[in-house]
Amino acid sequence: MSEEKIKQATDHFEKLVREQLERVERMKSEPDWTDFSTLKPIIIGACGGDGIGPKITEHAVSVLNFLLKDEINSGKVEIRMIKGLTIENRSKVMKAIPDDVLEDLKECHVILKGPTTTPWKGNKYGWPNIESANVAMRRELDLFANVRPVRVPEKNIDWMFYRENTEGAYILGSKGVDVTDDLAVDFKVITNQGSDRIIRAAFEYAKNNNINKVTVVTKANVVKKTDGKFLAIAEEVAKDYPGVEWDDWYIDIMTAKLIDPARQSSFRVMTAPNLYGDIITDEAAQIQGGLGTAGAANIGKRYSMFEAVHGSALRMVDDGRVDYADPTSIIKAASMLLNHIGFTEKANKLDKAIEICSQYEKKLVLTGRDTGATGEEYAKYMMETLRDPNLEEKWKGYQ
Ligand code: NAD
């Protein structure tokens, strides 16, 4: 009896190993990183999504149009509005991403995405329980890096997280095996290719932004094969970036050090396998005080997608408050997009304008209702701030 169960478990394991080896082969033949410096035009696709999404995305696109005016005129950049990634359309065709929309997305190089509604069972709107557009987009466009900035200026915290998003403890999360009633086994997967691409992305970011510190987070002293591989690959990748210092921390002590005032500001760029990345990015978001003004990026070698961290805020739509939705998070995502495609100075300027408007000067305040400014007024305020020739001095004055 027990022999039969062992056989079933080993057969299952064999199947998983074969699938993973096929994935490794696919990764080996994937194209190299897009080189935006030689690309003309760089096509930015903007899709509004659902709920408050189209409105706030429109404001973020205005800011991009403003900052990229010269590049758009010279043909270096094109901004393309992509329609159809709406819950109504997705429900109609019963697909997380309708085929024609996916085709349009694949013609772009980078995507600015408004929040998309993920239907849940028994929702009052009558939407079918289709897959999340985000999950589908990460898979279809192979967006393996989940990238999140966290800034707390008063604590001198300026962190950027590169979380691996396609393997680790989660990739086979629903494919573990109950060998017997008493014994359950889960699987964790780490590959050279999957580790190299995320660690390299973190080092590239550090190099391009003159940051001299990358921290690799694992538990390689205990989880020797998979985490050990991630760390060994980090050691190899680091050799290609002699100008960037790096160190490695174990996840348990890392969660402690992130809240240690004596240590926390020394971390800058962090990279970790999926599960550890999930843990430390949530911890970091809490340190920042909730979702704040963060944007999020999902990066792959060929495509990248940038989005707000919040959802489609259906309640605001039901209450007729769409015009009062805060566009800051998606504008922050637009700044990450600019950085990714090589316009680091413009991104830097936009980050400063976002901070001046939302944290220091606060000439306009958003309350999410008619007691505060509209998103459109706020986006205009941000563009006025960007236009200010004394932006840099103003920002320094607040530091
Ligand atoms: P949510 O983030 O959409 O909204 C929660 C509440 O936060 C809102 O009711 C509103 O009061 C406030 N809020 C959020 N964004 C705001 C903004 N820009 N300005 C002002 N107030 C804002 O969370 P939810 O209601 O749980 O989710 C609604 C839908 O969004 C769900 O279908 C969910 O799956 C989806 N969602 C999508 C993404 C994404 O596309 N990346 C992320 C999270 C949630």
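Before reading further, recall that the structure is shown in the block above.
About the thresholds
- Residues numbered from 1 in each chain as written.
- Predicted model: local features only at pLDDT ≥ 70, side-chain atom pairs only at ≥ 80, totals over all residues.
- Heavy atoms only, no water.
- Axes fitted to C-alpha atoms, helices over the stretch in contact; angles between N-to-C directions.
- Helix = DSSP H or I, 4+ residues; strand = E, 2+ residues; numbered from the N terminus.
- Parallel < 35°, antiparallel > 145°, perpendicular 65-115°, else oblique.
- Left-handed = near helix turned anticlockwise from the far one by under 90°.
- Contact = heavy atoms within 4.5 Å.
- Nonpolar A, V, L, I, M, F, W, Y, C, P; charged D, E, K, R; others polar.
- Phe/Tyr/Trp six-rings, centres within 6.5 Å; stacked < 30°, edge-to-face > 60°.
- Buried < 20%, exposed > 50% of the residue type's maximum accessible area, 1.4 Å probe, protein only.
- Lys NZ or Arg CZ within 6 Å of the ring centre and 35° of its normal.
- 1 Å grid on protein atoms, 1.4 Å probe; cavity = no way out; pocket = protein on both sides within 12 Å on 5 of 7 lines; lining within 4 Å.
- Points joined across faces, edges and corners; volume = space filled by probe spheres on them.
- Expected span 1.5 Å × (residues − 1).
- Core = buried A, V, L, I, M, F, W, Y, C linked by side-chain atoms within 4.5 Å.
- Near = heavy atom within 4 Å.
- Polar contact = N/O pair within 3.5 Å; in protein donor to acceptor, adjacent residues only side chain to side chain.
- Areas by Shrake-Rupley, 256 points an atom, 1.4 Å probe, with all protein chains shown as cover.
- Pairing = 2+ DSSP bridges.

Caption draft 1: Structural view of the packing of helix 12 (residues 328-340) against helix 13 (residues 344-360). At a minimum axis separation of 7 Å, helix 12 and helix 13 run at an interaxial angle of 160 degrees. Considering the angle they form, helix 12 stands roughly antiparallel to helix 13. Crossing geometry of helix 12 relative to helix 13 is assigned as left-handed. For the pair helix 12 and helix 13, the contacting residues are Thr-328, Ile-331, Lys-332, Ser-335, Leu-338 and Asn-339 in the first and Thr-344, Lys-346, Ala-347, Leu-350, Asp-351 and Ile-354 in the second. Taken together, the residues of the contact of helix 12 with helix 13 break down into five nonpolar, four polar and three charged.

Caption draft 2: Representation of the packing of aromatic side chains. The full count for this structure, using the stated rule, is 10 aromatic pairs. Pairing Tyr-125 with Trp-127 gives two aromatic rings, centres 4.4 Å apart and planes at 15 degrees, and the pair type is stacked. Assessed through its relative accessible area of 30%, Tyr-125 is described here as partly exposed. Each ring, one from Trp-159 and one from Phe-161, has its centre 5.9 Å from the other, and the planes form 80 degrees; the classification is edge-to-face. Considered together, Trp-159 and Phe-161 belong to a single accessibility category, that of buried residues. These aromatic residues form a ring-pair network of at least three members: Trp-120, Tyr-125 and Trp-127. Over the face of the ring belonging to Trp-395 we find Lys-352, whose NZ or CZ atom lies 4.7 Å from the ring centre.

Caption draft 3: Structural detail: the layout of surface pockets. The volume enclosed by the second largest pocket comes to roughly 790 Å³. Every residue lining the second largest pocket is counted, 29 residues in all, and those nearest its centre are Val-135, Arg-138, Arg-139, Asn-165 and Thr-166. Secondary-structure elements contributing two or more residues to the lining of the second largest pocket are helix 1 (2-28), helix 6 (133-140), strand 4 (145-152), helix 10 (274-288), strand 11 (295-299) and strand 12 (304-308). The element that contributes the greatest number of residues to the lining of the second largest pocket is helix 6, accounting for four residues. A class-by-class count of the residues in the lining of the second largest pocket yields six nonpolar, 10 polar and 13 charged.

Caption draft 4: View of helix 12. Taking 1.5 Å per residue, 13 residues should reach 18 Å; helix 12 reaches 18 Å between its end C-alpha atoms and fits that length. When you tally the buried positions in helix 12, you get 12 out of 13 residues, the bulk of the element. Of all the positions in helix 12, only Thr-328, Ser-329, Ile-330, Ile-331, Lys-332, Ala-333, Ala-334, Ser-335, Met-336, Leu-337, Leu-338 and Asn-339 are classed as buried. Positive backbone phi, approximately 105 degrees, marks Gly-342, located one or two places after helix 12.

Caption draft 5: Here's a closer look at the nonpolar core. The biggest cluster of nonpolar side chains holds 72 residues, and the ones touching the most others in it are Leu-112, Tyr-162, Val-269 and Phe-306. Apart from residues lying up to four places away in sequence, Val-269 is in contact with Met-160, Tyr-162, Ala-202, Tyr-205, Ala-206, Ile-211, Lys-213, Val-214 and Thr-215.

Caption draft 6: View of the site of the ligand. Neighbouring the ligand are 17 residues, the closest being Thr-116, Glu-307, Gly-311, Ala-313 and Asp-326. A distance of 3.0 Å separates an oxygen atom of the ligand from a polar backbone atom of Thr-118. In this structure, an oxygen atom belonging to the ligand sits 3.0 Å away from a side-chain N or O atom of Asn-134. Starting from 810 Å² of accessible surface for the ligand in isolation, the protein chains cover 64%.

Caption draft 7: Summary view of helix 10. Taking 1.5 Å as the rise per residue, helix 10 with 15 residues should run 21 Å; its terminal C-alpha atoms sit 21 Å apart, in good agreement. Every buried residue of helix 10 is accounted for by Asn-274, Tyr-276, Gly-277, Ile-280, Thr-281, Glu-283, Ala-284, Ala-285, Ile-287 and Gln-288. Tucked into the core, helix 10 has its buried residues touching strand 4, strand 5 (157-164), strand 8 (213-218), helix 8 (226-239), helix 9 (251-257) and strand 10 (269-272).

Caption draft 8: Representation of the pairing of strand 1 (residues 42-47) within the structure. Where burial is concerned, most of strand 1 is hidden: six out of the six residues are buried. The two faces of strand 1 match: Ile-42, Ile-44 and Ala-46 on one face and Ile-43, Gly-45 and Cys-47 on the other face are all buried. Of the strand pairs in this sheet, strand 1 and strand 2 (residues 77-81) are connected by five bridges, and their pairing is parallel. Residue Ala-46 lies in a different strand from strand 2, and its bridge partner there is Met-81.

On their own, these measurements won't tell you what the molecule is for.
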